[in-house]
Amino acid sequence: MIIPKLPAHSPKATVEQTIGITDVKVDHARPSAKGRAIFGHLVPFGSIWRTAANAGSYMSFDGPVIIEGTSVPAGTYALLSIPGPNEWTVVLNKTTKSILAVPYDERENVASFQVPVQQVDFTETFTVGFEHLSTDAASLFLAWETTKVVLRMEAPATEQGLKNIDEALAEPDATPGNYHNAAAFCLDRGVR
């Protein structure tokens with residue numbers, strides 16, 4: 001049987017950002033408003049939402065991160081949310097199955113964060129992105145309609161960077177460039 005490839009109503013998207021030395025990735029679908037009222041209507045307040053369309057959104061980190069002050073281990077998690085008019089609860093859940101195929105199990109939550117709603121200019125298509133990037137931190141935002149929520153993320157890299165330097169300089173083929181990069185890293189981080 002041939003299943004034709006056709007355009008999706010909510011196309012898949014991936015956003016990636018390296019924070020410190022940790023790679024962060026969000027896979028999601030991007031529904032559009034198409035004249036519909038979104039939050040409090042299509043997406044009800046106070047109910048779990050898969051934070052996208054289709055199968056849901058998934059967030060992965062190849063190293064530990066700190067989100068809104070809470071430590072989260074490396075891994076892949078469902079990115080869920082409970083929208084409200086003034087505040088959202090954003091949840092990372094251990095399930096990697098479609099939230100449509102399995103019921104939401106709050107016992108699988110790894111972390112949850114309460115974040116305030118910001119009113120913004122109209123955004124037609126659900127958008128996930130990174131902003132306010134600094135050395136070891138960034139903000140992840142979710143925006144749709146006139147609503148935006150932001151999660152502050154940190155991935156401190158000094159300790160792991162020093163371990164990486166030790167490993168690289170212990171190799172017999174360490175180059176002058178390795179030593180230069182190590183010195184620049186230590187100078188930048190104030191490490192002696």
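Above this note sits the structure.
Reading the values: rules and limits
- Residues numbered from 1 in each chain as written.
- Predicted model: local features only at pLDDT ≥ 70, side-chain atom pairs only at ≥ 80, totals over all residues.
- Heavy atoms only, no water.
- Phe/Tyr/Trp six-rings, centres within 6.5 Å; stacked < 30°, edge-to-face > 60°.
- Helix = DSSP H or I, 4+ residues; strand = E, 2+ residues; numbered from the N terminus.
- Buried < 20%, exposed > 50% of the residue type's maximum accessible area, 1.4 Å probe, protein only.
- Core = buried A, V, L, I, M, F, W, Y, C linked by side-chain atoms within 4.5 Å.
- Contact = heavy atoms within 4.5 Å.
- Pairing = 2+ DSSP bridges.
- Axes fitted to C-alpha atoms, helices over the stretch in contact; angles between N-to-C directions.
- Patch = residues over 30% accessible without salt bridge, like charges linked within 9 Å, V, L, I, M, F, W, Y side chains within 5 Å.
- Areas by Shrake-Rupley, 256 points an atom, 1.4 Å probe, with all protein chains shown as cover.
- Salt bridge = Lys/Arg side-chain N within 4 Å of Asp/Glu carboxyl O.
- Lys, Arg positive; Asp, Glu negative; His and termini not counted.
- Charge placed at Lys NZ, Arg CZ, Asp CG, Glu CD.

Caption draft 1: Structural detail: the packing of aromatic side chains. Within this structure, the stated rule accounts for 8 aromatic pairs. Here the aromatic rings of W49 and W144 are separated by 6.1 Å at their centres, their planes lie at 15°, and the arrangement is stacked. Of the two residues, W49 is situated in the loop between β2 (22-29) and β3 (57-61) and W144 in strand β10 (residues 137-154); the sequence distance between them amounts to 95 residues. Like W144, W49 is buried. Ring centres of F126 and W144 lie 6.0 Å apart, and the angle between their planes is 70°; on these two criteria the pair is classed as edge-to-face.

Caption draft 2: Quick peek at the nonpolar core. Grouped together as the largest cluster of nonpolar side chains are 37 residues, with contacts concentrated most on F61, I67, V72, W88, L92 and M153. Broken down by element, this core gets its largest block of residues, 7 residues, from β10. Excluding its chain neighbours within four sequence positions, the residues that come into contact with L92 are M59, F61, I67, V72, Y77, A78, L79, E108, N109, V110, A111 and F113.

Caption draft 3: The side chain of T89, seen in detail. With respect to the helices and strands, T89 occurs in strand β7 (residues 87-93). Those residues within four positions of T89 in sequence are excluded, and the remaining contacts are L80, S81, I82, S112, F113 and Q114.

Caption draft 4: Highlighting the sheet that holds β7. With antiparallel pairing, the 6 strands of this open sheet are ordered in space as β1-β2-β3-β6-β7-β8. Either end of the sheet is taken by a strand with one partner, and the two such strands are β1 (12-19) and β8 (109-116). When strand polarity is set aside, the average angle formed by the axes of neighbouring strands in this sheet is 20°. Bridge analysis of β3 against strand β6 (residues 75-82) gives 5 bridges, and the strand direction is antiparallel. In the strand pairing of β6, Y58 is matched with A78.

Caption draft 5: Just a negative patch on the surface, in detail. A contiguous patch of negative charge on the surface is contributed by D166, E167, E171 and D173. Here D166 lies in helix α1 (residues 158-170). Judged by relative accessible area, D166 falls into the exposed class, the value being 54%.

Caption draft 6: Local environment of unusual backbone geometry. One non-glycine residue, H132, lies in the positive phi region at around 55°. Locating H132 in the fold gives a position in strand β9 (residues 118-134). The exposed category is assigned to H132, whose relative accessible area is 56%. Its identity as a non-glycine residue notwithstanding, E145 has a phi of 60°, on the positive side. Within the secondary structure, E145 is located in strand β10. The class for E145 is buried, based on a relative accessible area of 15%.

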